[in-house]
Amino acid sequence: MNTIARFKHLGTETYHVFNRNKTSWVGLLLLTILVLLAVLAPVIAPYDPVEQHIIQRLEPPSSQFLLGTDYYGRDVLSRIIWGCRVSFIIGSVSVAFAMFFGTILGSMAGYKGGYFDSFVMGVMDVLMSIPTLLMGLLIVAILGPSQTNLIIALALTMVPRFARIARAPTIAAKNKVYVEACQAMGFSDIRILVVHIFPNILGELMVMGSMWMATAVRTEAALSFIGLGVNPPTATLGGMIREGFKDIMSAPWASLYPGLVILLIVFAANLLGDGLRDALDPKLRNEK
Amino acid sequence: MKYILEVKNLSTAFKLQSGWYRATTDISFVLKPNETLAVVGESGCGKSVTAFSLMGLLPEHGSRIDSGSALFKGEDLLTMPKEKLRKIRGSAMTMIFQEPMTSLNPVLTVGSQIAEAVFYHMNVGKAAARKRALELMDMVKIPDPGNRYNDYPHHLSGGMCQRIMIAMSLACEPDLVFADEPTTALDVTIQAQMIYLLHELKEKQQMSMVFITHDLGVVAHVADRVAVMYAGNIVETAPVADLFADPRHPYTKALLKSIPRLDKDNKDILPIQGMVPSIDNMPEGCRFYSRCEKKEQCRPDKFPQLLPIDNNPNHLVRCLLCE
């Protein structure tokens, strides 16, 4: 619950619980490596991701092309590294947007209660009743496939989830004596929400953030796979699977490796989320 | 200005499943500058509800103020705009809560919570607020304020947390403090320290205090006047010496008889028989009738008024037998 306190003393309880669960370190390590790859893409990638080596099409992995080449003779490794970059940008920006707006809506609804709460959460429920992928499809179909539209689509589907996550602990915090004490001190509602309640719900939001990051990456890949993602020739993991799919029997590396990387990202983000949840949840902490 | 707070006929109602019921009825009292009024009564008699009504802290849904006025320095707290009341709250009129450990935000340092109150109400910079917070911590006798400033509430004991709460509520030198059972959650030794600290600070800062408690022993130490509440009414109010020397209402008498004492063998402790009537089943007449030891001489159907006794305007009693 008291995130700031715990993050300030990262050497204490949180760290220990996080540390006890070795798998969460695996998650953190994997994710860090993948993020570093993505950030350093221009330096690390051996080739330009759109450069075509026309003579060496569908080349199997070799010392020249570590993970082989695709149908157009582009280096699979370089495209994976650049694809990670797109995935992480889309994943983190959409989660950040969803977290921002979802938290505002959810915590205000929880704090105010009454008709405002019913209205906001009703709208959120309607949004949530549409599956993520379908909603993504719908918005991309309307606005056209592009990185920005994909981010909008993903953020929109995740806003209600974050609103729900923010609302419940806000209601719990609202009934705590210290919020009453804040009201007795004459603080404005906005101040109470931002200064006093928000740090108390940050833990839950962080956990959800890392979990939904995985979902966002996966959904982006799925949309790219069906051709509604970022426009080619930009390298995206989902797009690579699609392009390699027609040659999957003869040249499986073109779609297999990007698939594996998606798996790794989702796996790492989930491990990290699990570790964070255990570390930030006082109930789980006492059980262990 | 004769009175800092003048409450007249305050009635607060709550919504239950079967309708609206009054938790307090016709509460009237006055408070002079630099005076301490102790409000005494058992759990559920409406002590805290009265304080919360005056502070404007009742829950928005399911409660309402039916009638009455409450003049705070000449302005009616019950009818003024919410924003104005909010600005008064925390600066000119503050409240100390019952449970110090839960009244502080667990994720913020105690020093910053005091500084926030100063910063918010006094129009000063962050550095000045911090300095004032340290002064306040020193004033409530927290040893080594410089180091304690950065502690979180879970680092401190209940008594220390209550000192922080007191520092917060006195940060802007209020004219009126509601202390809602500030010692109930603390050890007996700490209780005494807290009571003397509050009393001392009250004298120093020249403020008025409404001290809510169910402990008559505490009352004798802090109060100038006492209001005894029973089932949502004030049944007796008197200067503290008069109340202990010459209690008139049967409930007050019974309360005083039920306090155990160290210097006696306590064979004559008399618990009050019966139960408080529940909020949705209040009798029409005297609310203490069913438990009153003199009920044979009285009648159950008439509701008594709060009237001066022996022509003393400072000693008021709500009892048919005393009229």
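A.B. asks: Please provide a residue-by-residue account of the overall build of chain A, values included.
C.D. replies: Looking only at helices and strands, chain A features 13 helices and zero strands. Tracing chain A from N to C terminus, the helices and strands come up as α-α-α-α-α-α-α-α-α-α-α-α-α. Scored against the burial criterion, the 288 residues of chain A give a buried share of 50%. For chain A, the exposed surface amounts to about 13,100 Å²; the carbon and sulfur share of it is 71%.

A.B. asks: Summarise empty space enclosed by the protein; cite the residues concerned and give the values.
C.D. replies: Residue and element names in this part refer to chain B. Summed over the entire model, instances satisfying the criterion amount to four cavities of 30 Å³ or more. Lining the largest cavity are His249, Pro250, Cys286, Phe288, Tyr289, Cys292, Lys295, Cys298, Cys319, Leu320 and Leu321. Of the residues in the lining of the largest cavity, the class split is nine nonpolar, one polar and one charged. Counted as a void, the second largest cavity has a volume near 50 Å³. Residue lining of the second largest cavity: Tyr230, Asn233, Val235, His249, Cys286, Arg287, Phe288, Phe303, Pro304 and Arg318, and that is the complete set. Tallied by class, residues from the lining of the second largest cavity come to six nonpolar, two polar and two charged.

A.B. asks: Please give an account of helix α4 (residues 110-122) of chain B that cites residues and values.
C.D. replies: Here α4 of chain B is 13 residues long and its end C-alpha atoms lie 18 Å apart, about the 18 Å a rise of 1.5 Å per residue gives. For α4 of chain B, every residue scored as buried is listed here: Val110, Gly111, Gln113, Ile114, Ala115, Glu116, Ala117 and Val118 of chain B. Residues of α4 of chain B that are buried sit in contact with α10 (189-225) of chain A together with α5 (126-139), α6 (145-148) and α7 (158-170) of chain B. Phi turns positive one or two residues past the end of α4 of chain B, at Asn123 of chain B, with a value near 60 degrees.

A.B. asks: With reference to specific residues and values, describe the layout of surface pockets.
C.D. replies: In this model, the largest pocket occupies a volume close to 1,100 Å³. Lining the largest pocket are 33 residues, and of these Gly56, Leu57, Leu58, Pro59 and Glu60 of chain B sit closest to its centre. Of all the elements in the fold, those that place two or more residues in the lining of the largest pocket are α5 (76-112), α9 (177-184) and α10 of chain A together with α1 (47-55), β4 (63-72) and α2 (82-88) of chain B. Grouping the amino acids of the lining of the largest pocket by side-chain chemistry returns 13 nonpolar, nine polar and eleven charged.

A.B. asks: Break down the packing of aromatic side chains for me, citing the residues and quoting the values.
C.D. replies: The description of two aromatic rings rests on the distance between their centres and on the angle between their planes. Taken as a whole, this structure holds eight aromatic pairs over all chains when the rule is applied. Where Phe225 of chain A meets Phe245 of chain A, the ring centres are 5.7 Å apart and the plane angle is 90 degrees; that geometry is what we call edge-to-face. Of the two residues, Phe225 of chain A sits in helix α10 while Phe245 of chain A sits in helix α11 (residues 237-245), which places them 20 residues apart along the sequence. Residue classification places Phe245 of chain A among the partly exposed residues on the basis of a relative accessible area of 46%. Aromatic pair Phe52 of chain B and Phe97 of chain B: ring centres 6.3 Å apart, planes at 80 degrees, arrangement edge-to-face.

A.B. asks: How would you explain the packing of α7 of chain B against helix α8 (residues 188-205) of chain B if you had to name every residue and give the values?
C.D. replies: Residue and element names in this part refer to chain B. Packing of α7 against α8 brings their axes to within 11 Å, and their N-to-C directions diverge by 15 degrees. Taken together, α7 and α8 sit at an angle that is classed as roughly parallel. The element α7 and its partner α8 pack so that their crossing is right-handed. Side by side, α7 and α8 meet where Gly159, Gln162, Arg163, Ile166 and Leu170 of the first sit next to Ile190, Gln193, Met194, Leu197, Leu198, Leu201 and Gln205 of the second. For the contact of α7 with α8, the class distribution of residues is seven nonpolar, four polar and one charged.

A.B. asks: Describe the sheet that holds strand β7 (residues 176-180) of chain B, listing the residues and the values that go with them.
C.D. replies: Residues and elements named next belong to chain B. The eight strands are arranged β6-β7-β8-β3-β9-β10-β12-β11 in an open sheet whose pairing can be described as mixed. Two strands in the sheet have a free side with no partner beyond their single neighbour: β6 (93-96) and β11 (306-309). The sheet shows a mean angle of 25 degrees between the axes of neighbouring strands, direction not considered. For β11 and strand β12 (residues 312-318), the ladder comprises four bridges, and the chain directions are antiparallel. Across the sheet, residue Leu306 finds its bridge partner in β12, namely Arg318.

A.B. asks: Can you lay out the pairing of β7 of chain B for me, pointing to particular residues and giving the numbers?
C.D. replies: Residue and element names in this part refer to chain B. Taking burial as the measure, the five residues of β7 include five buried ones, the bulk of the element. Going residue by residue along β7, you find Leu176, Phe178 and Asp180 tucked away on one face and Val177 and Ala179 tucked away on the opposite face as well. Pairing of β6 with β7 involves four bridges; the strand directions are parallel. Bridge pairing in β7 places Met93 opposite Leu176. The parallel pair β7 and strand β8 (residues 208-213), bridged by α8, forms a crossover whose chirality is right-handed.

Parameters and conventions
- Residues numbered from 1 in each chain as written.
- Chains lettered and ligands numbered in written order.
- Predicted model: local features only at pLDDT ≥ 70, side-chain atom pairs only at ≥ 80, totals over all residues.
- Heavy atoms only, no water.
- Helix = DSSP H or I, 4+ residues; strand = E, 2+ residues; numbered from the N terminus.
- Buried < 20%, exposed > 50% of the residue type's maximum accessible area, 1.4 Å probe, protein only.
- Areas by Shrake-Rupley, 256 points an atom, 1.4 Å probe, with all protein chains shown as cover.
- 1 Å grid on protein atoms, 1.4 Å probe; cavity = no way out; pocket = protein on both sides within 12 Å on 5 of 7 lines; lining within 4 Å.
- Points joined across faces, edges and corners; volume = space filled by probe spheres on them.
- Nonpolar A, V, L, I, M, F, W, Y, C, P; charged D, E, K, R; others polar.
- Expected span 1.5 Å × (residues − 1).
- Contact = heavy atoms within 4.5 Å.
- Phe/Tyr/Trp six-rings, centres within 6.5 Å; stacked < 30°, edge-to-face > 60°.
- Axes fitted to C-alpha atoms, helices over the stretch in contact; angles between N-to-C directions.
- Parallel < 35°, antiparallel > 145°, perpendicular 65-115°, else oblique.
- Left-handed = near helix turned anticlockwise from the far one by under 90°.
- Pairing = 2+ DSSP bridges.
- Right-handed = clockwise from strand over helix to strand, strands pointing away.

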